[in-house]
Number of protein chains: 4
Amino acid sequence: MSEKLQVAVAGIGRMGMRHARHFATLTPRAELIAVCSPVQAELDAAKKEFGVRTYLSFDDMLAKEKTLQAVVVASATTVHAEQAIKAIEAGKHVLCEKPLSTSPEVSQSVVDAYRKSQKNHPTQKVICGFSRRFDASYRDAYRRMANGDIGTPSVFRSQTCDKLDPSGFFVAYAEFSGGIFVDCSIHDIDLALWFFGEDSRVKSVTAVGITAVQPDLRKHNDRDNAVGIIEFYGGKIAQLYCSRMMAAGQMDCTEVFGTNGQIAVNTQPQSNLVNLFESTGVRREIPPDYYGRFREAFVTEANEFTAACLDNLPAPMSLEGAVAAVRIGCALQESLISGKKIEFDESGKRVEASKL
Amino acid sequence: MSEKLQVAVAGIGRMGMRHARHFATLTPRAELIAVCSPVQAELDAAKKEFGVRTYLSFDDMLAKEKTLQAVVVASATTVHAEQAIKAIEAGKHVLCEKPLSTSPEVSQSVVDAYRKSQKNHPTQKVICGFSRRFDASYRDAYRRMANGDIGTPSVFRSQTCDKLDPSGFFVAYAEFSGGIFVDCSIHDIDLALWFFGEDSRVKSVTAVGITAVQPDLRKHNDRDNAVGIIEFYGGKIAQLYCSRMMAAGQMDCTEVFGTNGQIAVNTQPQSNLVNLFESTGVRREIPPDYYGRFREAFVTEANEFTAACLDNLPAPMSLEGAVAAVRIGCALQESLISGKKIEFDESGKRVEASKL
Amino acid sequence: MSEKLQVAVAGIGRMGMRHARHFATLTPRAELIAVCSPVQAELDAAKKEFGVRTYLSFDDMLAKEKTLQAVVVASATTVHAEQAIKAIEAGKHVLCEKPLSTSPEVSQSVVDAYRKSQKNHPTQKVICGFSRRFDASYRDAYRRMANGDIGTPSVFRSQTCDKLDPSGFFVAYAEFSGGIFVDCSIHDIDLALWFFGEDSRVKSVTAVGITAVQPDLRKHNDRDNAVGIIEFYGGKIAQLYCSRMMAAGQMDCTEVFGTNGQIAVNTQPQSNLVNLFESTGVRREIPPDYYGRFREAFVTEANEFTAACLDNLPAPMSLEGAVAAVRIGCALQESLISGKKIEFDESGKRVEASKL
Amino acid sequence: MSEKLQVAVAGIGRMGMRHARHFATLTPRAELIAVCSPVQAELDAAKKEFGVRTYLSFDDMLAKEKTLQAVVVASATTVHAEQAIKAIEAGKHVLCEKPLSTSPEVSQSVVDAYRKSQKNHPTQKVICGFSRRFDASYRDAYRRMANGDIGTPSVFRSQTCDKLDPSGFFVAYAEFSGGIFVDCSIHDIDLALWFFGEDSRVKSVTAVGITAVQPDLRKHNDRDNAVGIIEFYGGKIAQLYCSRMMAAGQMDCTEVFGTNGQIAVNTQPQSNLVNLFESTGVRREIPPDYYGRFREAFVTEANEFTAACLDNLPAPMSLEGAVAAVRIGCALQESLISGKKIEFDESGKRVEASKL
């Protein structure tokens, strides 16, 4: 086997620790060498679990870890882009948690930095971690669609619905999340672009939403349930539902309707292969959160990112797609709040309402 | 047992013959005495199967059948309202196939005729046949929701998707169907009104659609796949999908998301309780059409309509709701074609685009 | 339509009332004219519901109802055979509830009476009511198997498991039920004979059982859970499970494994098409009893029996099969209690243990 | 982290290579250092993939690998016991593929060797790899049962059914497999002992079988479909089905029926979360073989075995249970061929037929 990829993780909150674990113990060709976080307690925990070097400052880590080859950016969304760009400019491979930024312009600046850096580092890899692209079921669905099994994919329905968290977490979180379409539906939008083709051009977006369980979300211009429609040029439609209100657990599912068949992913969610027969009927449990649903996908992501870096393989997805997803998510979020349908011409330029 | 309700069926095409059969043989308290159709061959078939009196003219039937108590209007949609009104004015009970009309105004005229007639015939029953209201699964879902099992119902998702018919039937049919939202989604709209309350007031509707398999539908301003959103005042949303493109069969399903739980109806469609294990995997079939899915509901409808007439019970649903459904369906169809979101104020009046 | 079949029901306990209802209101070509029961209160209830003539004595009913054409025997199992034979000898069509008797010999005497009577009444129909033969799912399964879809059916697994009834009902019932294999598994045995062919010859039976919830069943030589194996000549095996202990409801299912595929019936039981998403997961209810599962089959049975009588069609199944099922059920019950495997030679004669 | 467990794999055919892979790349605390096989081509493949030392002789490997701590025995079943005993006597930890041997006596000799060796090596771990014990779904089922969720587990149904392999592989394999009950059902027997308690005492076993697709199996006293019953003292029953005839793929499932509920594992098999809607209905695929179903369980096994060795944790299961499973499997196989029920007294001694 070749040398191991030298990896650092920036931000070791809940998801950052998971990434660290995936790279430290479940990615044979990678070696976790350092982590950074502004929170000393998090560093202590990581040091204890992984025995790695720790830094309070991202810049320090980047400067001092001379053998570092790849950075996983799992810090707060607000610093994703800044850290990603610094790592890119330092010539490191980057796996950045989604979204690149809640702003399309800032997201684009990451791509710009990458394209510029590639001139000096032609084998550099930078991806945005859309975990569903690494999920075995989604891949099976995609393979079948790409194989022509359902004819031309025409209508897409996808939902990302979180289990209700009565603690008020989502209200605080909404201040920086970019809104429910940018935070939740970004996955579904990315899937739509994957299944319909990353060159799909948006014709219009519309969204409406409510606050059924968390009225305080309105303080941050957010909603707890929202539905949206993305119309693409060329006769394709995506229908989205995002929510923070699910009783049973994480409810993510996707359906692709083609001219000759349909593929459904996870429309009958389950935690495992157990069914319980009780006096109240037949019951199964479902995963409480996205990590319960997508853990294996994250591990696959870590391994494939590592392989792409070490063997100079093509990145599993383009970074431009991640910007397109943010752009669509922001348009949906705007429509959600304004109540207006937003239209685009075929060049991608927004059509002014006055001209409609 | 009391006397049997004397019933005639107007229009004995495919669905009319089914109604005739339900009343003739599966509704013990009803007696089918006459049918009418402009098509002699249909009359001959009905005479042979049921031994009933037959008429080429609806008016004749109404005039001559002195003992007639109830009329099932199952003729072409274009004459639903006219025949219903005539029967109403003759003091007959009426079960009219959906929709009352493809026009909200004409639909309203049926209600007006009914309200006027009731002054002379206080026990007269007139209903529009929304079969899903009689389906055991939908009733179970409604009962649970009404019982508070899912908290406040907030988001509603429903689809009515027909099996692909490559014969071109749907193109010809589109000329008079009122469009896919009025023809298919009318059921889903009725369900939304049932679950959210028939007094729900629409805030906006938006729709987009495509012609993925039947481009000729555009001649009749129709589409073969369409998605729509209905926003209600009071924080409720309905999300619709209608299609003529399903490969496997009829794909009708509904989900109601409440603040405390979710109810799903037929999200795993099936023809029966059989599963087949073959070299290609595990397979089950699904009903080819709405009658395969809702046959029992139609029989229940016949029996409950009969009981309501004979025993002067409250009608199973209000006729006003049927008009509201047509109104919403037409607005969605308009939005589908115009590409514009349509908004309403709290009194139900349409908000002019210029004032937006 | 032809004249209606004139039907009486003997025994109008729970199941008898259901039969009466099916013939009175859901079988258009039949007319319920009389019922009998030794219990006056039951007669009163039937008179009120159906307006029929009532008799405390079966013999009286048979003697006085001059127009009577068909008798449904739904009385206590102990008098099934006696009443069936009397009705047969009186030239009536008979639909006898299962089992004909808990004794193979007595069961055979019903067949003998029928074969004798047929000389005088060549169009007479006598069937034993194995309701699953009329169930749409079982028929679909049978049709596919008969069509060769699974190759040669070779292994059969079937279970009939009742919901736990903590009232002690099953203990009292066991005194006359013939035991759990004769009472419950008789259906599965009949299905095995249907799917493997009614000429299948038994090579051996073995059974074991326990009393997990109703130890008092041992007083009547019965068990509350039992499993059995029927080995047929020609390389076919049936595997049975019967129980009185189910928590969730009635749990009947069947699988047929062929050399080229497998058919499963009701291995995912459900009451309807509703799924509930709750904080504890996803739940569906299942029918509480066999009538919840097989109501439609009973109605079909009533209609097909009626049609067979009126139109002199072949009976839906042979009466000999009903005797064969009792014979196998009794052998399993004997093995259950004795702990011995019971073997038969190819002529159907029992092989003495001493000769083994 | 502590030092890595130094592991060798004996036998690197299909399953041996998988074990090697699991320890080399998916078990962070283990290091694969050597493999052995009598087949040079296998050694070459392993050397290429893992860069490990290779041996044509097991004894050589054991003698020369001075740092070796643990041996995975994945060679032909016929040498399992011999190699396991040698490794045990050399003081190594051992993970032996199932079964220890097809002979109960030989299996017992492995336990004897282990118990003797433990006097000198008190922290030595020896387990037999029953992969289902490491499966997340089975563990969830066990946890619920152990928690009392279904009351007293009383009836157990389990099947291990292989996909039809028309190549004749299973005929050749049968010469050394010990028969279908020892090869396939050994897993179900182990599960029965796990769920009912490893101290469960067998009262009787009975089995019957057929050769529906592979008549040549009779040459090796084997069958391609067999069902069996294990009766335990204390009122518990296990019902087994094993087969080599499945059309769709690997069909393993288990149900545990308790006095208060039921748990089902994998009764609706599936490869992943994808459902396909096609003109023939709704379809899902299922895993083609046990590795498709239990891959994750094998990886968990490798990790937990490693942790048990390094940290001196209790072994995940007792070695005595593995002998008990072989003993029951052999009795079932004997009954399958002889056609006789085999009984045991409460001390575990076989009851002679003459005394029955």
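Residue positions are given per chain, counted from 1 along the sequence in the order it is written. To read the labels, note that chains go from A and ligands from 1, taken in the order they are written. Restriction of local features to residues with pLDDT of at least 70 applies here, the model being predicted, together with a cutoff of 80 or more for giving and counting side-chain atom pairs; totals for whole chains, interfaces and linings are based on all residues. Values reported for side chains reflect all heavy atoms of the structure, with hydrogen atoms and water molecules removed beforehand.

Asker: In this structure, what is going on with the interface of chain A and chain B? I would like to understand it.
Answerer: Bring the parts together and some accessible area is lost; that lost area is often taken as the interface size. Residues count as neighbours in contact if any of their non-hydrogen atoms are within 4.5 Å of one another. Every contact between the two is made by 39 residues of chain A and, on the other side, 39 residues of chain B. When two parts are put together, the accessible area they lose, computed with a 1.4 Å probe and summed over both, is reported as buried area. Summed over both sides, the interface between chain A and chain B buries roughly 3100 Å², with carbon and sulfur atoms accounting for 66% of that surface. Salt bridge, as used here, is a side-chain nitrogen of Lys or Arg placed within 4 Å of a carboxyl oxygen of Asp or Glu. Counting every contact that joins chain A to chain B gives 2 salt bridges. Across the salt bridge formed by Glu343 of chain B and Lys340 of chain A, the nearest N and O atoms sit 3.6 Å from each other. Definition of a polar contact: a pair of N or O atoms within 3.5 Å, with one able to donate and the other able to accept a hydrogen when the atoms are protein atoms, and with sequence-neighbouring residues admitted only if both atoms are side-chain atoms. The interface formed by chain A and chain B includes 4 residue pairs in polar contact (both at pLDDT 80 or more). Elements that contribute at least two residues to the side of chain A that touches chain B include exactly β7 (153–163), β8 (202–210), β9 (225–232), β10 (236–246), β11 (251–258) and β12 (261–265) of chain A. What counts as a helix is a DSSP run of H or I of at least four residues, what counts as a strand is a run of E of at least two, and both are numbered from the N terminus. No other element matches the 7 residues that β10 of chain A contributes to the side of chain A that touches chain B.

Asker: Looking at this model, I keep getting lost on the interface of chain D and chain C. Mind explaining?
Answerer: Listed by partner, the interface residues are 41 residues for chain D and 39 residues for chain C. Summing both partners gives a buried area of about 3100 Å² for chain D against chain C, and 66% of it is carried by carbon and sulfur. The tally of links between chain D and chain C comes to 2 salt bridges. For the pair chain D and chain C, the number of links is 4 residue pairs in polar contact (both at pLDDT 80 or more). At the level of secondary structure, the elements contributing two or more residues to the side of chain D that touches chain C comprise β7 (153–163), β8 (202–210), β9 (225–232), β10 (236–246), β11 (251–258) and β12 (261–265) of chain D. At 7 residues, the largest contribution of residues to the side of chain D that touches chain C is made by β10 of chain D. Class assignment of the residues belonging to the side of chain D that touches chain C gives a composition of 18 nonpolar, 16 polar and 7 charged. Under the scheme applied, nonpolar residues are Ala, Val, Leu, Ile, Met, Phe, Trp, Tyr, Cys and Pro; charged residues are Asp, Glu, Lys and Arg; polar residues are all the others, including Gly.

Asker: Got a minute to help me understand the relation of the copies chain D and chain C in this structure?
Answerer: Relating the two copies of this chain is a rotation about some axis coupled with a shift parallel to it. Superposition of chain D onto chain C requires a rotation of 180 degrees combined with a translation of 0.0 Å along the rotation axis, giving an RMSD of 0.0 Å. The two molecules are tied by a two-fold rotation axis, judged by turn and shift. Taking C-alpha positions as the reference, the residue of chain D nearest the rotation axis is Lys341 of chain D, at 3.4 Å. Both copies share a contact surface, since 95% of the interface residues of chain D are interface residues in chain C too. The copies were overlaid with a least-squares fit restricted to C-alpha atoms from residues scoring a pLDDT of at least 70 in each copy.

Asker: It is not clear to me how the sheet that holds strand β3 (residues 53–55) of chain A should be interpreted in this structure. Could you clarify?
Answerer: Sheet strands pair by backbone hydrogen bonding; their relative direction is either parallel or antiparallel. Residue and element names in this part refer to chain A. Strand order in the open sheet formed by 6 strands is β3-β2-β1-β4-β5-β6, and the pairing between neighbours is parallel. Every interior strand has two partners, whereas the edge strands, β3 and β6 (126–129), have only one. For this sheet the average axis-to-axis angle between neighbouring strands, irrespective of direction, equals 25 degrees. Geometry is summarised by axes, namely lines fitted to C-alpha atoms with helices restricted to the contacting stretch, and by angles between N-to-C directions that run from 0 to 180 degrees. Each of β1 (5–10), β4 (70–73), β5 (93–97) and β6 touches helix α4 (residues 77–89); the most contacted strand, β5, lies at about 175 degrees to it. Here, strands pair whenever DSSP counts at least two bridges between them.

Read these as geometric descriptors, not functional statements.
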